[in-house]
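Below are the chains, spelled out letter by letter.
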Amino acid sequence: MKSSCLLLTPVSSSSHFLSLHCLSLSYSSTSLPSSVDQLIGFLRRTTKRVISGSRIQALSTMATEDGVGNVKQLLAKVFEKSLRVTVPSEEDVEPLIAPCAGNFGDYQCNNAMSLFSKIKGKNVEYKNPRSIGEGIVKNLPESEMIESCSVAGPGFVNVVLSKTWLAKSIRKMLAEGIQTWAPKLPINRAVVDFSSPNIAKEMHVGHLRSTIIGDTLARMLEFSGVEVLRRNHVGDWGTQFGMLIEFLFEQFPQWENETELPIKDLEGFYKQSKKRFDEDPDFKERAQKAVVSLQGGDPKYHKAWATICEISRREFQKVYVRLGVHLEEKGESFYNPYIPDVLKILNSRGLIEESEGAQVIFIEGKQIPLIVVKRDGGFNYASTDLTALWYRLNEEKAEWIIYVTDVGQREHFEMFFHAAKSAGWLPSDDNKYPKVNHVGFGLVLGEDGKRFRTRSSEVVRLVDLLDEAKNRSKEALIERGKDKEWSEEQLSQTAEAVGYGAVKYADLKNNRLTNYTFNFDQMLNDKGNTAVYLLYAHARICSIIRKSGKDIEELKKNGELILDCPEERALGLHLLHFSEVVGSPEETSRLLLCEATAVVMRKCFDLLGITPVYQI
């Protein structure tokens, strides 16, 4: 039977969602999607976009046991043996392996030119870089990975991988699980410090990027077998709590007897207390005394502080539940008791000096010092951050600490990282562990190119934004008649998966260092590089497998995967690229390739914190 074709090309539709044409689902001749490039593009984007432009070391030191894992690493092992024979005089030559950009092969070894510059005049065997490339090919040991090699230009060695080996590698992943393609990192424990809202203030769209990017980094590390301490460094300490506590006493005199305080608008509560602080001298004096009572450990003031913090936590949790994000709170108040001893350590190493009444650490190359104790004797962000770093290194034994904040805090992190190196807490070599990284990100803008705000110029509450994403998704599903086919629960769950996924993916697909414009219509579009298209493509793949009537688990055990068609081979190759970034025989093979694609897509969704959709 002539093979029919399943098209995954979106067609024109007034709906926000993807429409998929199926010319045939004749499962005796099920073929791959004709728009394989779109699925390939997904795999490339989801494994690379989130840390695009980042200085963070790629999470791509993959496992190489038994031919499973990072193709570049496996090829490097093969070429390393050839390089030792080809240029024995040059020790510790690292194979330079990269994917091919053109149609000359799958991968390329690019050592010839750099090697020739080293041995020129010393080795009469090789007259030019191309001859070195030819020598590398000649000395390659046999490998089931490689189908053929050729030399192009000034010694570039192009490698075509064996389609039999590609199929074998994918089959092994299907049998043993996607975890076999996980990166293997040289660390056991990491801290990811992200989200970090301020107590008594609403989480707004400005917290969106830190929460989404931080969660994705944590998921990638966890997938790599690293124990991740997900830290929410909330702003829960400081002089502002004096005015909040006094305003609480004033507004709710019986607050200690209330089971739940009727504070519905935290942002408004904060603004009202700040207004009183600025305009009423008596209130300001009481608030300043309240700070002293709180920091002195007065039980009444500590209880009031804890009450305000708990109200905020409940509001924060509403956002985290919607986003599927888990964090453990260790805020500024947690580290406060440790600050004096940490400053003593820094002082004993001659780092702290007095300047204009404050205690500071001078940083080489910076015009202003890092203030660690203010003129009034109070602590600040720098003293808290240095203490948190000391605690994470010495008490929590973290080997990699990642901070996710906006790019505006870059200089602060540079300065306090430098201070930690001067104290001997961190190695001078940024590539050695323990290590720290600041992952900065740009602003979320509105259509007017300014900070994203409501029409009344208020910051957009994150809860409201997420609810609108879900509601828009639900409306689009109802337009497609899904309310008549599905239960209310299924409709709601799919709307959440698509709506929240659209918001997350729209953020992550952008270069994190630049600003991006928030646009619901673009996020929920059924065409192009959007979560909506990708989620529905995944659902269509799952539909192909369901409608085949075959037991996919049985096929994983006994079925054969063959990559004869160019499109099949291209898709198989890009499935293996995941590990570098993160019936009839024909029917069985293609169902297995569909399942492999779905498995990799689901793991990519998981790493991005997006819930997959299985049914359209």
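Our structure is the block above this text.
For clarity, every value in this text was computed on a predicted model and none was experimentally measured.

The rules behind each value
Residues numbered from 1 in each chain as written. Predicted model: local features only at pLDDT ≥ 70, side-chain atom pairs only at ≥ 80, totals over all residues. Heavy atoms only, no water. Core = buried A, V, L, I, M, F, W, Y, C linked by side-chain atoms within 4.5 Å. Buried < 20%, exposed > 50% of the residue type's maximum accessible area, 1.4 Å probe, protein only. Helix = DSSP H or I, 4+ residues; strand = E, 2+ residues; numbered from the N terminus. Contact = heavy atoms within 4.5 Å. Pairing = 2+ DSSP bridges. Axes fitted to C-alpha atoms, helices over the stretch in contact; angles between N-to-C directions. Salt bridge = Lys/Arg side-chain N within 4 Å of Asp/Glu carboxyl O.

## Points about the nonpolar core
Among the nonpolar cores identified, the biggest contains 148 residues, and Leu75, Phe79, Leu161, Leu465 and Phe518 are the most heavily contacted of them. Per element, the largest residue contribution to this core is 12 residues, and it comes from helix α22 (residues 585–607). Every residue in contact with Phe79, bar those within four places of it in the chain, is listed here: Pro95, Ile97, Cys109, Ile136, Leu140, Ile146, Val157 and Val159. Within the second largest apolar cluster, 34 residues are counted, among which are Leu351, Leu370, Val372 and Ala388.

## Side note on the sheet that holds strand β12 (residues 370–373)
One open sheet accounts for 3 strands, arranged β10-β11-β12; its pairing is antiparallel. The open sheet is flanked by β10 (352–355) and β12, the only strands paired with a single partner. Between one strand axis and the next, the sheet turns by 45° as a mean value, whatever way the strands run. This element, helix α12 (residues 339–348), spans β10, β11 (358–361) and β12 of the sheet and lies at about 95° to β10. Across the sheet, helix α13 (residues 381–394) lies against β11 and β12, angled at about 85° from β12, the strand it touches most.

## Digging into the pattern of salt bridges
Between side chains of opposite charge, pairing is possible as soon as their charged atoms come close. Tallied over the full model, the rule gives 45 salt bridges. Between Arg130 and Glu134 there is a salt bridge, and its shortest N-O distance comes to 3.5 Å. With a gap of 4 residues between them, Arg130 and Glu134 both fall in helix α4 (residues 129–138), about one helical turn apart. Judged by its relative accessible area of 40%, Glu134 is partly exposed. Measuring nitrogen to oxygen at the nearest pair gives 3.6 Å for the salt bridge that ties Glu411 to Lys366. Within this pair, whereas Glu411 is found in helix α14 (residues 410–422), its partner Lys366 is found in the loop between β11 and β12, the two being separated by 45 residues in sequence. Among the charged side chains, a network of salt bridges with common partners joins Asp215, Arg219, Glu222, Arg230, Lys603 and Asp606.

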